Amino acid sequence: MNQTEIQNLEKAFMDFVHKIEHYEEAIGLIDWDLHTKAPKKGRAQRSEVMGTLSEQAFNMMISPEMKDYLERLSDPDVKGKVSIITQKTVEYYQKEYERNHRIPGERYRAFKVAAANAGDAWEDAKKNDDFSLFLPHLKKIIAFKKEFLQYWGYDEHPYDTLLDEYEPGMTVKILDEVFAKLRGQLVELLQQVMDSPHRPDTDFIFQKFDARRQEAFHYVVLKAMGYDFDAGRLDETVHPFATGLNPGDVRVTTKYDEGDFRTSVFGTIHEGGHALYEQNIAPELIGTTMCTGTSYGIHESQSLFWENIVARNRYFWEHFYPELRKLNPDQFDGISLDQFYRGINVVQPSLIRIEADELTYCLHVMVRYEIEKALITDQIKAEDLPQIWNDKMEEYLGVRPDSDREGVLQDVHWSMGDFGYFPSYALGYIYSAQLKRAMDRDIPDFDQKLARGELSPIREWLTDKVHRHGKMKKPIEILQDVTGEGVNPQHLVDYLTEKYRNVYKLS
Ligand code: ZN
């Protein structure tokens, strides 16, 4: 092929994948609408619209046209002559194509139907606290995943293939080692914290705080973080999320609990961290497949960096506590900054993952990781899950659920077939502490900046090191380039140890 032919091929391919991106953006907008503003009566029809668009995008990804583009663009004579963005895009779709075209269309559709039914059954089972209602559906979903694994194949461990979908390059071998190191030290620190006589006072947290006043605070904090309201908005929902349609339209949602302001304050900052990632991807990537976060784990590292490392830091509240007090003076009357800081950092091993504190969160993930690995390799049976779940919770966290609603039925992920997803939450914690260690070298007066409410240097650093690259760098490349090492849980342990020594006045 001569240069003009190569240019034409490159343009035709990029036009083709832009169309897939357009479907994805429409799907994202419909999904946001379904979870925020859509009237109840319109939702069923809208879900069908979304199904049609998703199928269309999926079909394009596995189409003969895609196959032809990928073959021609990976030709050694052509490969080096297209832009680096095109090369990465080809790489991305090659992997997607490989993964998806192997599964016969009718099996994929059957899985989608099974997952929809499993979702309904899970809701029912959770509501009625009856695992047996979910069990037959869960068995089907697990069987589908195992069937798909046969099509996909794997190198060392079948679970590696599932992990790779959420955290490219992550393996059981790495995670086993990382989690073992982390677990031992977390459990030890947790024990010291629980034995401490200096338990923070938390009564002030649970007073009534009007939702609209909480909302006013979110605008102050999101703006200080550098969230661009001309490229986004804040709305209310049931299960908070952030959605990046394109860098010019990245929306944050939150949930208000008037009896516990932490839900929306930390929830909004968390989703704001996800949103900053999507708003600050380099302009040259806009409209391409590379214009999104590189993995679930790296995405979570951004939300957790803001939620925990910034907003659960004492210095952050030196600036923002007076702002919060202004909005609800009675609630914080007589509560010093120190009491406030210690109160919002209380540790309590609990049954529910999404309510867990910084110290215990990763232990919840490890319970799920061990169970998923064992399910996929037939070491345990789905029938025995409630018992296994409760035993593991007791072993890892020292608490035992009385009901499956607060135990094995609490998360939606398995009903959707999302096995391999949970570890990315823990990786987000680990990565965020690694990033903080690297940031300390460049921003040595981090705490002083927080105390003055100067958050933009932090946002700018994260943009430079993480955000702007979008999907152009793999998660491990980001880690290596920014921190000089691979996954290392020690920085998280050090961060938590220093923090809780302070909060619980440990010796
Ligand atoms: Zn998140």
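Quantities reported herein were computed from a predicted structural model and do not represent experimental measurements. (Residues numbered from 1 in each chain as written. Predicted model: local features only at pLDDT ≥ 70, side-chain atom pairs only at ≥ 80, totals over all residues. Heavy atoms only, no water.)

Looking at the environment of glutamine 387
Thought 1: Mapped onto the fold, glutamine 387 is located in helix 16 (residues 385-397).
Thought 2: Accessibility expressed as a relative area gives 48% for glutamine 387, which makes it partly exposed.
Thought 3: Glutamine 387 sits 80 residues away from histidine 467 along the chain, and the two C-alpha atoms are 42 Å apart. (Helix = DSSP H or I, 4+ residues; strand = E, 2+ residues; numbered from the N terminus. Buried < 20%, exposed > 50% of the residue type's maximum accessible area, 1.4 Å probe, protein only.)

Observations concerning the layout of surface pockets
Thought 1: Of the voids in this model, the second largest pocket is the one considered here, and its volume is about 490 Å³.
Thought 2: Residue lining of the second largest pocket: 19 residues in total, with Asn313, Lys436, Asp447, Tyr495 and Glu498 positioned closest to the centre.
Thought 3: Elements that contribute at least two residues to the lining of the second largest pocket include exactly helix 12 (296-310), helix 13 (314-327), helix 17 (423-442), helix 18 (446-451) and helix 21 (490-503).
Thought 4: If you tally residues by element for the lining of the second largest pocket, the top one is helix 21, at six residues.
Thought 5: Among the residues making up the lining of the second largest pocket, the classes are represented as six nonpolar, four polar and nine charged. (1 Å grid on protein atoms, 1.4 Å probe; cavity = no way out; pocket = protein on both sides within 12 Å on 5 of 7 lines; lining within 4 Å. Points joined across faces, edges and corners; volume = space filled by probe spheres on them. Nonpolar A, V, L, I, M, F, W, Y, C, P; charged D, E, K, R; others polar.)

So, the side chain of aspartate 160
Thought 1: Its place among the elements puts aspartate 160 in helix 8 (residues 158-166).
Thought 2: Buried charge without a partner: aspartate 160 forms no salt bridge, and the closest opposite charge is lysine 373, 9.0 Å away.
Thought 3: For aspartate 160, the residues in contact, after removing those within four places along its chain, are Met170, Thr171 and Val172. (Lys, Arg positive; Asp, Glu negative; His and termini not counted. Salt bridge = Lys/Arg side-chain N within 4 Å of Asp/Glu carboxyl O. Contact = heavy atoms within 4.5 Å.)

Overview of the packing of aromatic side chains
Thought 1: In the structure shown here, the tally under the stated rule is 38 aromatic pairs.
Thought 2: A ring pair is formed by phenylalanine 148 and tryptophan 152, whose centres lie 5.8 Å apart and whose planes are at 70°; its orientation type is edge-to-face. Here phenylalanine 148 pairs with tryptophan 152, and both are found in helix 7 (residues 131-152), just four residues apart, close to one helical turn. Taken individually, phenylalanine 148 and tryptophan 152 each receive the classification buried, so the pair is uniform in this respect. (Phe/Tyr/Trp six-rings, centres within 6.5 Å; stacked < 30°, edge-to-face > 60°.)

Considering the domain arrangement of the protein chain
Thought 1: When cut into domains, the protein chain gives domain 1 (3-153) and domain 2 (172-503).
Thought 2: Computed over C-alpha atoms, the centres of domain 1 and domain 2 are 27 Å apart.
Thought 3: Domain 1 puts 39 residues into the contact, and the matching count from domain 2 is 39 residues.
Thought 4: Taken together, both faces of the contact between domain 1 and domain 2 bury some 3300 Å²; the carbon and sulfur share is 65%. (Domains from an automatic or database assignment. Buried area = accessible area lost by both parts, 1.4 Å probe.)

A word on the pairing of strand 3 (residues 249-254)
Thought 1: For strand 3, the tally of buried residues reaches six of six residues, placing the bulk of the element in the interior.
Thought 2: Going residue by residue along strand 3, you find Asp249, Arg251 and Thr253 tucked away on one face and Val250, Val252 and Thr254 tucked away on the opposite face as well.
Thought 3: Bridge count between strand 1 (residues 234-236) and strand 3: three bridges; the pairing is parallel. Across the sheet, the residue bridging to leucine 234 is valine 252, located in strand 3.
Thought 4: Where strand 2 (residues 242-246) meets strand 3, four bridges bridge the pair, whose relative direction is antiparallel. When the sheet's bridge partners are listed, asparagine 246 is paired in strand 3 with aspartate 249. (Pairing = 2+ DSSP bridges.)

Here's the deal with the coordination of the zinc ion
Thought 1: Surrounding the zinc ion are the protein donor atoms His270 (NE2), His274 (NE2), Glu300 (OE) and Glu300 (OE), at 2.1 to 2.7 Å.
Thought 2: Each donor residue of the zinc ion lies on one chain, and together they are spaced H-x3-H-x25-E. Of the two residues, histidine 274 sits in helix 11 (residues 262-279) while glutamate 300 sits in helix 12, which places them 26 residues apart along the sequence. Like glutamate 300, histidine 274 is buried. (Donors = N, O, S within 2.8 Å, 3.2 Å for Na, K, Ca; no water.)

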